[in-house]
Amino acid sequence: MELSEYFDVLWRWGWVILLITALCAGAAIGYGRMQTPRYTSLVELTVTPERLDQGLSQTVINLLNNYASGIRSLGMARRVVERLGLTEWDPAALRSHIKASADQAQFRIKIEVTDTDPLFAQRVAQTVSDLFVADVREFADLQDPRDRLIATPLNGGAQAATRTWPKNKLLAFLGLGGGLFLGLVVALVLEWARVIPL
């Protein structure tokens, strides 16, 4: 097909393309509005040695992933349940709401807690942070003062939870893009059926 023929197809079947695009975008937006909103609270902590020393810095780097695993553990979830008196929560269920990752280049631990209640998410994130800092401090007290590690929350601790799902703009974009593509395919099929009738 030449370029002018494609324009003819668009002119003839443009209403089909627009209709399908609108339907797909509407479906995507509707889907997003039916979803239960989820909110995530973030805490970032630095873990640094008491003194500048290459050996101690390497120790921190080696420990960061272990620290993150400990934060994600069932044991940590149990302690949070106990600390906050969450008798209605199963520790395994709470554990699935807690994420932790290590940034070795920045000597940081990032803790994220996601829940449908933004205040609850922030509360849990702050509690996880407090327990982790206490663990690092307790271990440090057993070490030579020169070899101690310090865990420090950044930005005042757990941040106010922000909505992370549904991402309405992303869903709308996907609906528009998918609808436009599907509309073009349908238009070409209709044009093919018109030109070459069965």
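What counts and how
- Residues numbered from 1 in each chain as written.
- Predicted model: local features only at pLDDT ≥ 70, side-chain atom pairs only at ≥ 80, totals over all residues.
- Heavy atoms only, no water.
- Helix = DSSP H or I, 4+ residues; strand = E, 2+ residues; numbered from the N terminus.
- Rg over C-alpha atoms; globule rule 2.2 N^0.38 Å.
- Buried < 20%, exposed > 50% of the residue type's maximum accessible area, 1.4 Å probe, protein only.
- Contact = heavy atoms within 4.5 Å.
- Areas by Shrake-Rupley, 256 points an atom, 1.4 Å probe, with all protein chains shown as cover.
- Lys, Arg positive; Asp, Glu negative; His and termini not counted.
- Charge placed at Lys NZ, Arg CZ, Asp CG, Glu CD.
- Patch = residues over 30% accessible without salt bridge, like charges linked within 9 Å, V, L, I, M, F, W, Y side chains within 5 Å.
- Salt bridge = Lys/Arg side-chain N within 4 Å of Asp/Glu carboxyl O.
- Phe/Tyr/Trp six-rings, centres within 6.5 Å; stacked < 30°, edge-to-face > 60°.
- Axes fitted to C-alpha atoms, helices over the stretch in contact; angles between N-to-C directions.
- Left-handed = near helix turned anticlockwise from the far one by under 90°.
- Nonpolar A, V, L, I, M, F, W, Y, C, P; charged D, E, K, R; others polar.

### Regarding the overall build of the chain
Argument step 1. Counting secondary structure elements, the chain contains six helices and five strands.
Argument step 2. Computed over the C-alpha atoms, the radius of gyration of the chain is 27 Å, more than 25% above the 16 Å expected from 2.2 N^0.38 for a compact globule of 198 residues.
Argument step 3. C-alpha atoms of the chain, sized along the principal axes, occupy 85 × 45 × 30 Å.
Argument step 4. Taken across its 198 residues, the chain has 31% of its residues classed as buried.
Argument step 5. Taking as baseline every contact in the chain between residues at least 6 positions apart, the subset at least 24 positions apart corresponds to 77%.
Argument step 6. Carbon and sulfur atoms provide 60% of the accessible area of the chain, an area that totals close to 12300 Å².
Argument step 7. Computed over 20 positive and 20 negative side-chain charges, the inter-centroid distance for the chain is 3 Å.

### Remarks on a nonpolar patch on the surface
Argument step 1. Nonpolar side chains collect at one region of the surface, where Leu3, Tyr6, Phe7, Leu10, Leu180, Leu184 and Leu188 lie side by side and expose about 670 Å² of accessible area between them.
Argument step 2. Secondary structure elements with two or more residues in the nonpolar patch: helix H1 (3-34) and helix H6 (168-195).
Argument step 3. Take Leu10: it is sitting in helix H1.
Argument step 4. Residue classification places Leu10 among the partly exposed positions, given a relative accessible area of 39%.

### Focus: the packing of aromatic side chains
Argument step 1. Here the structure, examined in full by the defined rule, presents two aromatic pairs.
Argument step 2. Residues Tyr67 and Phe132 carry aromatic rings whose centres are separated by 5.2 Å and whose planes lie at 75 degrees to one another, so their mutual orientation is edge-to-face. On the criterion of sequence distance, the pair formed by Tyr67 in helix H2 (residues 54-71) and Phe132 in helix H5 (residues 118-140) is long-range, its members being 65 residues apart. The residues Tyr67 and Phe132 share a single accessibility class, namely buried.
Argument step 3. Taken together, a centroid distance of 5.2 Å and an interplanar angle of 10 degrees make the contact between Trp89 and Phe120 stacked. Taken together, the residues span a long stretch of sequence, with Trp89 in the loop between helix H3 (74-84) and helix H4 (91-95) and Phe120 in helix H5 at a distance of 31 residues.

### Let's talk about the packing of H1 against H6
Argument step 1. Look at H1 against H6: their axes get within 6 Å of each other, and the N-to-C directions meet at 145 degrees. Between H1 and H6 lies a crossing of right-handed hand.
Argument step 2. Looking at the contact of H1 with H6, its residues break down into 22 nonpolar, six polar and three charged.

### As for the pattern of salt bridges
Argument step 1. Counted according to the given criterion, the structure contains five salt bridges.
Argument step 2. The salt bridge partner of Arg108 is Glu44, with a shortest N-O separation of 3.9 Å. Of the two residues, Arg108 sits in strand E3 (residues 108-115) while Glu44 sits in strand E1 (residues 38-49), which places them 64 residues apart along the sequence.
Argument step 3. Judged by relative accessible area, which is 27%, Arg108 ranks as partly exposed.
Argument step 4. Close ionic contact of Arg79 with Asp135 constitutes a salt bridge, the shortest N to O distance being 2.7 Å. Here Asp135 lies in helix H5 and Arg79 lies in helix H3, a separation of 56 residues in the sequence.

### Regarding the environment of Ala77
Argument step 1. Checked against the element boundaries, Ala77 lands in helix H3.
Argument step 2. Looking at Ala77, the relative accessible area reads 0%, which means it is buried.
Argument step 3. Residues Ala77 and Arg95 lie 18 residues apart in sequence; the distance between their C-alpha atoms is 5.3 Å.
Argument step 4. Sequence-distant contacts of Ala77, that is, excluding residues within four places in its chain, are made with Pro91, Leu94 and Arg95.

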